[in-house]
Structures are given as C-alpha cells and as structure tokens.
Amino acid sequence: MMAQLASRQSFRPGRDLLWPICYWATVAFIFAWAVWQRFKLPLNPIADPDTWGYLSPALRKLTGAEFGHSQSRNFLYPGFLYLVLRCFGDFRAIGVVQHLLGLAAGGLFLLTWRRVRAFVSDSLVNPSLHDAFGLAGAAIYLLASDTIQTETQLRPEGVCAFLISINLYFAVQFVSCSFLEHRRTGAIVCGSATVLTSLLLASAKPSFWFAAIVVMVPVTAFFFRQNWWRQKIALGLAIAVTAALVLWPERILSRKDAESQTFLPTMLFVIHADLIRDQMAEDLKENAHLPYSREWLERVYAALNSEIGKSQTNYPGHYPSLKFNPEYLWFDPSSITTQLRREFGSTVSALCDFYRFYYWRTWQRRPFRALQKVARQFSIYYYPNCPAYAPMKIWPLMGVYERAVTSLDSEDYRKIARSLPALTDFMQRTKSLAENAPATKQQGLLRHVLADLAVSYLSLLLLALILSAIIFWKQARWRRLRWLAAFVLFGSAYNAASCLEVAIVNSLEVHRYITVQLYATLLTQFLAFWLILEFALDITRRRNTIARDLVAPL
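Residues numbered from 1 in each chain as written. Predicted model: local features only at pLDDT ≥ 70, side-chain atom pairs only at ≥ 80, totals over all residues. Heavy atoms only, no water.

A.B. asks: Describe in detail the packing of aromatic side chains, supporting the description with residues and values.
C.D. replies: Counted under the stated rule, the structure contains 43 aromatic pairs. With 5.7 Å between their ring centres and 65° between their planes, Y292 and F357 make a pair best called edge-to-face. Pair noted here: Y292 is in the loop between α13 (273–286) and α14 (294–314) and F357 is in helix α17 (residues 348–365), with a separation of 65 residues, a long-range link. Cluster of aromatic residues (ring-pair linked, three or more members): F119, F174, F179, F222, F223, W228, W483 and F487. Looking at K232, its charged tip hangs above the ring of W229, at a distance of 4.2 Å from the centre. The ring centre of W478 lies 4.1 Å from the NZ or CZ of R477, which sits over that ring. (Phe/Tyr/Trp six-rings, centres within 6.5 Å; stacked < 30°, edge-to-face > 60°. Helix = DSSP H or I, 4+ residues; strand = E, 2+ residues; numbered from the N terminus. Lys NZ or Arg CZ within 6 Å of the ring centre and 35° of its normal.)

Here it is, written out as structure tokens:
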C-alpha cells in the first residue's frame, strides 16, 4: 500500500483529467461550506471589555474628533475599523470583511502547501495525495469553530490569521526566489513583502514580535550570500522604508496616550507579582541597598502580599498556573496598581521605573523561578494536548452577546452613540442578539479530527524534529529532504517564539493568545506529518531495493 501511495509513475489519460476535476470541485465545496458556516451566523461583531481601546479611535474620527491612541492599542486595527466603517457605515461590514479575510487565509494555506512541494525534489508522496493533505488542512482551518469565532470579534485577532497566512506565504516565496530559483527581482519583492507583513502582524498583535524575529532569519541569511549586491541594497532600502511607514506613525500617535507608557511595565509587574513579592521579602530581610526607602518598601510589600491573597480568595481557579489572578491586581479599583498610582501621583515615569526595576531584579536574583514560570506556560501549549485545536461541540452565541451588552454598557459608548447612528444600531442589534442569537454546533467528525490533532501534536512534532536532526546530520543521504526539514524547524520556531513571548510577559491561559496561533500550528503539524511520511517511504524504498538486489543473483 505504501508503495502505491509513493508511486511516481505517470497516470493514465483518464485519471490525469479526473484528479484535477475532483480537486477543484472539492476546493469549491469546502469554500462554499465555509462561506455558509460564516454567513449563516449573525454578522454583528462581538464586543468585549477591550473593544473600547480598539474602537474608540475610529468612533472619535467618525464624529469629527482626532484619530489617536486609546488604552495603549496600536493604530493599525483601529485604522482598519475606521476605514470599514467609513466606507460602509455599518458595523456588520466589519464581520463581513473579517470573514472574507479568514476565507483568504484558507486559500493561502492551499497556495503555501502547494508551493512548498517545489522544495522537495523527487518526492515519494504521490502528488494527488499531497494535494489531498492540503485540502484536509484547509478544510480543518476553514470549518473549525474557533476560526469562525475569532473572525467575529472586535479585536485584532479577527484579522491575525490573514496576516499570519500572508506572512508565511511570502516567507516561503522569498526563500524560493532567493535560494531555490535564484530570481533576483522576485527576491526583492517577496523579501519586502515578508518584512512588511511581519511588521503589520507584530504591530497589530504584539505577541508576535518574537515570531517576526524568526521570519527575519531567512531575510538576514540573504544578506550573507555571495554577490547580488544590487539586490541586497534594494532590499535593505525597502526594509528601511517599510519599517518607517509602519513604526513611525505608531511612535507619533503613542506620545498622546499616557497608557502607552504604563501598559507593558504594569503587565510585567502584575504577571510576576508573586515572584516580585518574594523578592521584596528577601530584600527587606537582607536590608538590601535599593533606590527605595525601607519604610516605603515595607508598606508596598504588605499591600502586594495582601492583594495577592485577596485575588486567590475572590477568584479561585483563575490562572491556575500562576495561582493568583493578575487581572484583579491590575483592574480592581482598590488593588495594588491603583494604590501604587496614588503613591507616585503624576510621576508616571517613576512608577514605570519601579515596575521595571523589580521585574528585572526578580529575573536577576530568582532566574530559576522565573524560568519555571516560563516552562509552566509552555506546558499549557505543548503538553499533554495542544489547546490551539478546540473540539468544542456547542458555541452559545446568546451568552457571548450578553457579555457584549455588558461591555457596551458605558457612558463612553452612549455619549458617542447620540451622534453616530451606526453605533446606536450596533448596540441595539447586540441587545437583540443577547435574547435570540442561535447556538452553533461543530460537526462531530471535525471535533474528532481536532481532538486527534491536539493529542498527536507534540509527538508528531518531536518525531519530525528528531528526523530533521538526522537529515542535517547526514546531508549526503537525506539531501532531498533538507528543505522540508528546514520548513518544519521554521514553523516550530514560529510557534515556539510566539509562546515564548507570551510566557515571558503574560500567560498562555489567556485563550486568545492560543487560538490566534491555530493557522501556523496546523500548517506546521501537516508539514511535520509530510516529513515523517517522506522519511518512512524512503526507508521502505531503500529496503525494497536491497531486498531485490539480494534476490536478483538467485
């Protein structure tokens, strides 16, 4: 059977025509089903407590005020919301556009999968079987409930899958143009697009900055190749211009948003509050020489210890890996961050310096415990099951829209709604859907497939990484699989970098940090499976050849 799957003999004319017809008919069916799954649901996007930070810049601009930062959110997604609302004047258009971008991501999955095949010379996997794997991967991505759910949110996660898909597609194209096909113009265009999409992704969703660094590895390798000086200069200039276009507006707009200064330092402080508390206790016990008075530090330590205890009592079970609730410490009006803001008054820079000081001091004095925290976060993603695959059965939309109503129930929204009918309609539809929105069900077969992918993710990935090490160790023997192994390593590093960044600055128990990685996780797992299959087929072919050689003299 394996020999049949691996057969590279030419097909009969009838079968040569049959497979392309079946393939494109299946593609059409999958996308038609995906369209139906999306547009049978309410198109009203779903708000949450963070929506104001993304939506308010667009609302202010639409009502004649200045577009700018709010709650330390990057300008890209708010700018996207403004353009959609400006063009269509209806919040449902946001849901439509985000669904279309999600469908485009599924199409790019197929294109990327077919493009990578060019890197495997003399593949032993039948082209039709390879295409079928790509169809399966695209179908899983397009039809998964988590994918559709993410596209309905008024958050940058709604467009991240598209940004990830186009980023990975251009990265593959860049590697092909630069190192496989040696197309100089194509290398400049695809390299520039790779950098641009990396910056857009990381700016829209900062948890992908480490992943953007991984994507820059092949771009950096391009500058170390021999010759191609004109192309190197052109790509370097394109990178500089691209970085300026994406990063400079953000720098200008963030100056007017005070929370841009405090957001990251505060997050680092509350996420590592237990480690910082213990470090404060040690400093007080040892009477360490610090830039803060002992009396003041004793007061802060007592308050922090008390608030951590309250978070554990009031919110048991929240953030079990951390064993306390950092959101309580951050957002409760009476908790530690509010107390510290009062302590420092209007001196925001001094407050941020205190947060940073104790964050870095904790890493310096307690590196093992800090690394333990990172390791625990990694285990959430990799062991025992990968949570990027959510085999949920029912998605209760009424409950989702009920929470959205609560999120929209503030004077800030009501004030703007008086002069913006589109916002009034959006809020009214959200209230209506909170009472009669349908529940959506994920198909049983898809649930089983997602559960199997979740269970097998770590084992498949580890096996593929071991085989990749063998391939690079014995390059003469496995030369034809070196590019496929490199792409498996690249995809693994892409996911791991995203997890590492979240593990350092936040927690992977925040589900949106996981669901947004579904696309890259699925593509990497399918590449790993393909590598394992190619390796197994090669071993089988080699054994069969040896057996025939031994039998031939007889």
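A.B. asks: Lay out the confidence of the model for the protein chain with the relevant residues and their values.
C.D. replies: Interpretation of the predicted coordinates at a detailed level should be avoided for regions scoring low in pLDDT. This prediction gives the protein chain a mean pLDDT of 90; 96% of its residues lie at or above 70. Long-range and interchain partners of residues 1–11, a stretch whose pLDDT sits below 50, account for 19 contacts in this model, where long-range means more than four residues apart. (pLDDT = per-residue confidence, 0-100. Contact = heavy atoms within 4.5 Å.)

A.B. asks: Describe the environment of W330, listing the residues and the values that go with them.
C.D. replies: Tracing the sequence through the fold places W330 in helix α15 (residues 326–331). Discounting chain neighbours no more than four positions away, the residues touching W330 are F263, T266, M267, V270 and T337.

A.B. asks: Could you give me a rundown of the nonpolar core, with the residues and numbers involved?
C.D. replies: The biggest cluster of nonpolar side chains holds 153 residues, and the ones touching the most others in it are L340, F354, L423 and Y494. Filtering out sequence-adjacent residues up to four positions away, Y494 remains in contact with I164, N167, L168, L201, F208, A211, V214, V215 and A520. Membership of the second largest hydrophobic core comes to 12 residues, among which are C190, L199, V219 and I239. (Core = buried A, V, L, I, M, F, W, Y, C linked by side-chain atoms within 4.5 Å. Buried < 20%, exposed > 50% of the residue type's maximum accessible area, 1.4 Å probe, protein only.)

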